[in-house]
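What follows is the residue order along each chain.
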Amino acid sequence: MGHLFWLTFFFLAGIISLFYPWIGVVISYFITLLRPYKIWWWHFQGIRPFFTLAVPTLIGFVFYLFRGKVSFLPLKNRFVGAFFIWFFFVTLSYLFGPYVNIDSEYRFWDPAQIFDIEWKIFFYFFLACLLIDSREKLKYFTLPIILSSVYLIYWANSQYLWGHYYGRLRGPMGTDENFFAMMFVIGLPFFYYLGWYIHNKFFRYLLWILIPFGWHAVFLTGSRGGLLGLVVTILFVAFRSPKKIFGFLLIPIFILAYQWQAGSVMKERAHTISEYEQESSAQTRLEAWQAAIKMIKKHPFLGVGLASFGPAFPDFSDKKPRAAHNTFFQIAAESGIVAGISYLFIILSAFLLLFRASKFYKDKDPLLYFVSEATLTSLLGFFVCSMFLSLHLFEGFFYLCVIVNFFAYYNKIAQVHS
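One structure accompanies this document, and this report is about it. (Residues numbered from 1 in each chain as written. Predicted model: local features only at pLDDT ≥ 70, side-chain atom pairs only at ≥ 80, totals over all residues. Heavy atoms only, no water.)

### Some remarks on the packing of helix H10 (residues 201-221) against helix H12 (residues 244-261)
The description of two helices packed together rests on the angle between their axes and the distance between the axes. Closest axis-to-axis distance for the H10/H12 pair is 10 Å, and the angle between their directions is 45°. As the angle between them shows, H10 and H12 are arranged oblique. Seen from above, H10 lies across H12 with right-handed handedness. Facing Trp 215, His 216 and Phe 219 of H10, the residues of H12 in contact are Leu 250, Ile 253, Phe 254, Ala 257, Tyr 258 and Gln 261. For the contact of H10 with H12, the per-class residue count stands at seven nonpolar, two polar and no charged. (Axes fitted to C-alpha atoms, helices over the stretch in contact; angles between N-to-C directions. Helix = DSSP H or I, 4+ residues; strand = E, 2+ residues; numbered from the N terminus. Parallel < 35°, antiparallel > 145°, perpendicular 65-115°, else oblique. Left-handed = near helix turned anticlockwise from the far one by under 90°. Contact = heavy atoms within 4.5 Å. Nonpolar A, V, L, I, M, F, W, Y, C, P; charged D, E, K, R; others polar.)

Here is the structure:
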């Protein structure tokens, strides 16, 4: 029955995407963020989610092109340009990286597999930037993060209630704890800010009530990066909340939730954050960062090669090879310093664009104001976590950047007509 449901879902989604490709993009990001094929994997035998949605969406996009319904203006800005540069060097590092074709016991990822994932991520990002070009479309584009986060909060807490986990909670089908925690770090700010936008009090309070359950989901993962991301976003919300009293109330509520529900695993791991000199995980990160810096110095243009940080590691350090555990270092070491700088430019540009959008729409358009604030808070949480985790393949970041690019494009239109 479940298999039939998903077959029907993708069939109908494909039909809709042929006529309204922007809806196809919304559905695609919903599937990407929720990952139902990992939750109910047994129902997805013979179903290829990306292919099933991408083909009709792309065909619909071509129809839009012929009908003159596509403007390329959303791609004509420095923000998107940095993504093109990033992907260009990712491609070069895959084709010509010095360690890409070297066999090694420390080959954590297959470069061909990683490149296949990366081009799909970038492809959908560029497509979404073109198609999410109006206020109404943006409103629907916030649904994937809301709906997927709601279900994943339920899923995580149900594992706790039914005792289906031990130690640190992984996501569905063994999804890395840190990646799983990141979903709640970037999702919960949308619960808070869009709660202010929703006029229906039932749905508003439902979103707000779910926030502590989202915190609990992060506690279950035992992710220190996720915990740090939560703390940063809560403090940021406290100072930028539409009503300061509600924002500052989050702080004592979070402290109480942490003391009551964090559990021994989360508290023990959190205690080590301030003792990085003695903590083995922090030491291994420092070792990886030192190796990354050496890789960048020796291979500044192309890096050591896509997905080749592990095989290159022994040539730059006598420590045990591992991932960089820092998104900038991972990108710059593998694909070159230009790719790494492009990533940092994207982050900085996103913050500036969203700060301007929030200021501009605060008294003019509640929807755009709250979405910009939610995205700004989520990106801040992501960036803090990315300093300690390799999150360059985290689709949630690209989803947020589609929203950022909407403001880069729409701000110019709004300011012209204001």
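### Topic: the environment of Ser 17
Along the chain, the position of Ser 17 falls in helix H1 (residues 2-19). You can call Ser 17 buried: its relative accessible area is 0%. For the pair formed by Ser 17 and Ala 54, sequence separation is 37 residues and the distance between their alpha carbons is 8.9 Å. (Buried < 20%, exposed > 50% of the residue type's maximum accessible area, 1.4 Å probe, protein only.)

### Focus on the environment of Leu 7
Structurally, Leu 7 can be placed in helix H1. The exposure class of Leu 7 is partly exposed, given its relative accessible area of 41%.

### Regarding the packing of aromatic side chains
Under the criterion given, the structure shown has 70 aromatic pairs. Summarising the aromatic geometry, the rings of Trp 40 and Tyr 151 are spaced 5.2 Å apart at their centres and angled 50° between planes, so their arrangement reads as tilted. With Trp 40 in the loop between helix H3 (36-39) and helix H4 (49-66) and Tyr 151 in helix H8 (residues 143-161), this residue pair connects regions lying 111 residues apart in the sequence. Overall, Trp 40 belongs to the partly exposed group, its relative accessible area being 22%. Plain terms: the ring middles of Trp 86 and Tyr 343 are 5.9 Å apart, the flat faces sit at 65° to each other, and that makes the pair edge-to-face. Here Trp 86, found in helix H5 (residues 78-96), pairs with Tyr 343, found in helix H17 (residues 337-361); they are 257 residues apart in sequence, far enough to count as distant. Trp 86 sits in the buried class, given a relative accessible area of 1%. (Phe/Tyr/Trp six-rings, centres within 6.5 Å; stacked < 30°, edge-to-face > 60°.)

### Considering the nonpolar core
In this structure, Phe 83, Trp 86 and Phe 397 are the most contacted members of the largest nonpolar core, which totals 144 residues. Counting residues per element, this core draws most heavily on helix H9 (residues 177-197), at 14 residues. Setting aside chain neighbours within four positions, we find Phe 397 in contact with Phe 83, Trp 86, Tyr 343, Ile 346, Ile 347, Leu 379 and Phe 382. (Core = buried A, V, L, I, M, F, W, Y, C linked by side-chain atoms within 4.5 Å.)

### A closer look at unusual backbone geometry
You will see that Arg 35, though not glycine, has its phi angle at about 55°, which is positive. For Arg 35, the location among the structural elements is in the loop between helix H2 (21-34) and H3. A residue is classified by how much of its surface remains accessible, and Arg 35, at 21% relative accessible area, is partly exposed. Phi is positive for Ala 307, which is not a glycine, with a value near 60°. With respect to the helices and strands, Ala 307 occurs in the loop between helix H14 (280-298) and helix H15 (309-312). Exposure remark for Ala 307: the relative accessible area of 9% places this residue in the buried category.

### Some words on helix H11 (residues 224-240)
Its 17 residues place the ends of H11 24 Å apart at the C-alpha level, agreeing with the 24 Å of an ideal helix rising 1.5 Å per residue. Those residues of H11 lying buried are Arg 224, Gly 225, Gly 226, Leu 227, Gly 229, Leu 230, Thr 233, Ile 234, Phe 236, Val 237 and Ala 238. (Expected span 1.5 Å × (residues − 1).)

### Remarks on the pattern of salt bridges
For the coordinates displayed, the defined rule picks out seven salt bridges. Close ionic contact of Lys 120 with Asp 116 constitutes a salt bridge, the shortest N to O distance being 3.1 Å. Taken as a pair, Lys 120 and Asp 116 lie in helix H6 (residues 111-131) at a separation of four residues, close to a single helical turn. A salt bridge links Arg 135 to Asp 365; the shortest N-O distance between them is 2.7 Å. Here Arg 135, found in helix H7 (residues 135-141), pairs with Asp 365, found in the loop between H17 and helix H18 (366-386); they are 230 residues apart in sequence, far enough to count as distant. What makes Arg 135 partly exposed here is its relative accessible area of 25%. (Salt bridge = Lys/Arg side-chain N within 4 Å of Asp/Glu carboxyl O.)

### Examining a nonpolar patch on the surface
Where nonpolar side chains cluster on the molecular surface, the patch consists of Phe 11, Leu 12, Ile 15, Ile 16, Phe 19 and Tyr 20 and spans about 620 Å² of accessible area. For Ile 16, the location among the structural elements is in helix H1. Residue Ile 16 is classed as partly exposed on the basis of its relative accessible area, which comes to 36%. (Patch = residues over 30% accessible without salt bridge, like charges linked within 9 Å, V, L, I, M, F, W, Y side chains within 5 Å. Areas by Shrake-Rupley, 256 points an atom, 1.4 Å probe, with all protein chains shown as cover.)

Don't take any of this as a statement about function, it's just geometry.
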